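# A closer look at the structure
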Amino acid sequence: MEQELDQLEAAALEELTQTHDLLQLESWRVRYLGKKSALTSILRGLASLADGKRKTVGARANAIKTSLHAELAEKKQSLSLRSLDESLENSSLDVTLPGRPLPYGRLHPITQDIAEICSVFADMGFQVLEGPEVERDYYNFEALNIPQNHPARDMFATLWVDSRDDSNARLLRTHTSPMQIRLMEQQKPPLRFVVPGRTYRYEATDATHDWMFHQVEGLAIDTDITLRDLKETLFEFCKNIFGRDTQVRFRCDYFPFVEPGGEVAIECVKCKGAGCRLCSGTGWLEILGTGMVHPDVLARCGIDPTVYSGFAFGMGVERISILRHGVDDIRLFYSNDFRFLRQF
Ligand code: DAH
């Protein structure tokens, strides 16, 4: 029996040296220290042994049990440490690798173009200001020489907030021009302002029209401002935005709040003047309305038209963005499609 115990111990210790991971160690434990192991059954059978034998065999078997448990604990610890080392080794950090790039946010293309348009004018001495989108009839129409029932109201399909038809009725501004009046009412000349912002029209939506779009309005009032200043300022603007080689054209046009009124067009960005579908075969693309501020408008704002003169202009931002970036549908700007927006 004692010999059997010696062999058992020797076999257990020998086998322990062959266990290389925690899984093998567990089956070793079951085999040598588990309920069904030889050692356990010897310990259970002690009672049936003769007195003298029971003492020596019992002492030996218990000593082996204790020492195997100690070996087990030690081995367990060293294997755990090893597996930790290994996993550290395998998942080691390479601190020389470049970091993961963070995704950048970006400004909406219209926001970017508004900023660029305003900065061109800011460089020419204009201040940037914003105004209310819900306007009074007076500012949007009346003060701009477009009284009740004037046919020019047909130029602007209006979204009304109030149903009353007087100068106090509220509407969604159809253009940024009402800010000309607010500025001239509030400040004394000289004035040089650009006003970017949203405008609204009661219109069906298609590839070139939306019911909401942006404009940038401009106003310059001083003692010696002439049509020449207007042309020089706007030509310089066009060349900054569309490139220095761009051909720019000035022609007469009608707007009730300016006299004379005009329009500025650039050579077609697509056909370079040859005539194509984008420019309806004319070779030119109209990009803004302008004119010398009407004396009646100045007088209405308390500015003496015999002393002061000035020019105003208004442009549609989406139209400019479409031409600059070759976008073929205005609705893309507001459909929140990342595939589109990420390009800017
Ligand atoms: N407000 C006009 C429009 O929306 C554009 C415009 C024309 C603005 C002439 C002006 C101007 O300041 O002088 O169609």
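The structure presented is a predicted model; accordingly, all values stated were derived computationally and were not measured. (Residues numbered from 1 in each chain as written. Predicted model: local features only at pLDDT ≥ 70, side-chain atom pairs only at ≥ 80, totals over all residues. Heavy atoms only, no water.)

### Some details on the domain arrangement of the chain
Domain boundaries assigned for the chain yield domain 1 (2–90) and domain 2 (109–341). Put simply, the middle of domain 1 and the middle of domain 2, counted by C-alpha atoms, are 92 Å apart. (Domains from an automatic or database assignment.)

### A word on the state of the cysteines
Under the defined criterion, the tally for this structure stands at 0 disulfides. Left unpaired, Cys 118 is separated from the closest cysteine sulfur, that of Cys 238, by 15 Å. Owing to a relative accessible area of 7%, Cys 118 belongs among the buried residues under this scheme. Its sulfur unpaired, Cys 279 is 3.6 Å from the next cysteine sulfur, which belongs to Cys 271. Given a relative accessible area of 3%, Cys 279 falls into the buried group. (Disulfide = S-S within 2.5 Å. Buried < 20%, exposed > 50% of the residue type's maximum accessible area, 1.4 Å probe, protein only.)

### Considering the site of the ligand
Around the ligand, the surrounding shell holds 16 residues, and the nearest of these are His 175, Ser 177, Gln 180, Gln 215 and Glu 217. A distance of 2.9 Å separates an oxygen atom of the ligand from a polar side-chain atom of Gln 180. Here the ligand, which alone exposes 350 Å², has 92% of that area covered by the protein. Structurally, the ligand is housed in the largest pocket. Put simply, the parts of the chain that give the shell around the ligand at least two residues each are strand E6 (212–222), strand E9 (284–293) and strand E10 (309–316). (Near = heavy atom within 4 Å. Polar contact = N/O pair within 3.5 Å; in protein donor to acceptor, adjacent residues only side chain to side chain. Areas by Shrake-Rupley, 256 points an atom, 1.4 Å probe, with all protein chains shown as cover. 1 Å grid on protein atoms, 1.4 Å probe; cavity = no way out; pocket = protein on both sides within 12 Å on 5 of 7 lines; lining within 4 Å. Sits in = over half its atoms within 2 Å of the grid points. Helix = DSSP H or I, 4+ residues; strand = E, 2+ residues; numbered from the N terminus.)

### With respect to the layout of surface pockets
Considering only enclosed or pocket space, the largest pocket measures out at about 1,300 Å³ in volume. What lines the largest pocket is a set of 40 residues, and nearest its centre among them are Thr 208, His 209, Glu 286, Gly 316 and Arg 319. Contributing elements (two or more residues each) for the lining of the largest pocket: E6, E9, E10 and helix H10 (317–325). Looking at the lining of the largest pocket, its residues break down into 18 nonpolar, 11 polar and 11 charged. If you go around the second largest pocket, you meet 13 residues; those closest to its centre are Ile 114, Glu 130, Gly 197, Arg 198 and His 214. Taken together, the elements giving at least two residues each to the lining of the second largest pocket come down to helix H5 (109–123) and strand E5 (191–200). Here the lining of the second largest pocket is composed, by residue class, of 4 nonpolar, 5 polar and 4 charged. (Points joined across faces, edges and corners; volume = space filled by probe spheres on them. Nonpolar A, V, L, I, M, F, W, Y, C, P; charged D, E, K, R; others polar.)

### Here's the deal with the packing of helix H2 (residues 22–33) against helix H4 (residues 51–90)
Any two packed helices are characterised by how steeply their axes cross, that is the angle between the axes, and by the distance between the axes. Packing of H2 against H4 leaves a shortest axis separation of 10 Å and a crossing angle of 175°. The pairing of H2 with H4 is recorded here as roughly antiparallel in orientation. For the pair H2 and H4, the contacting residues are Leu 22, Leu 25, Trp 28, Arg 29, Tyr 32 and Leu 33 in the first and Lys 65, Leu 68, His 69, Leu 72, Lys 75, Lys 76, Leu 79 and Ser 80 in the second. Partitioned by chemical class, the residues of the contact of H2 with H4 number 8 nonpolar, 2 polar and 4 charged. (Axes fitted to C-alpha atoms, helices over the stretch in contact; angles between N-to-C directions. Parallel < 35°, antiparallel > 145°, perpendicular 65-115°, else oblique. Contact = heavy atoms within 4.5 Å.)

### Quick word on the nonpolar core
Counting 39 residues, the largest nonpolar core has Ile 117, Phe 121, Phe 237, Ile 287, Phe 313 and Met 315 as its most contacted members. Of all elements in the fold, only H5, E6, helix H8 (227–242), strand E8 (258–267), E9, E10, H10 and helix H11 (338–341) reach the threshold of two or more residues within this core. Leave out the neighbours within four places in its chain, and Met 315 touches Ile 117, Phe 121, His 214, Gln 215, Val 216, Phe 237, Ile 287, Leu 288 and Ile 320. Membership of the second largest hydrophobic core comes to 26 residues, among which are Phe 141, Ile 146, Met 179 and Ala 312. (Core = buried A, V, L, I, M, F, W, Y, C linked by side-chain atoms within 4.5 Å.)

### So, unusual backbone geometry
A cis amide bond links Pro 189 with the next residue in sequence, Pro 190, at an omega value of 5°. Residues Glu 259 and Pro 260 are joined by a peptide bond in cis, for which omega reads -5°. One can find Pro 260 in strand E8. Phi is positive for Asn 149, close to 70°, though the residue is something other than glycine. As for its placement among the helices and strands, Asn 149 is situated in the loop between helix H6 (137–140) and strand E3 (159–160). One non-glycine residue, Asn 336, lies in positive phi territory at about 55°.

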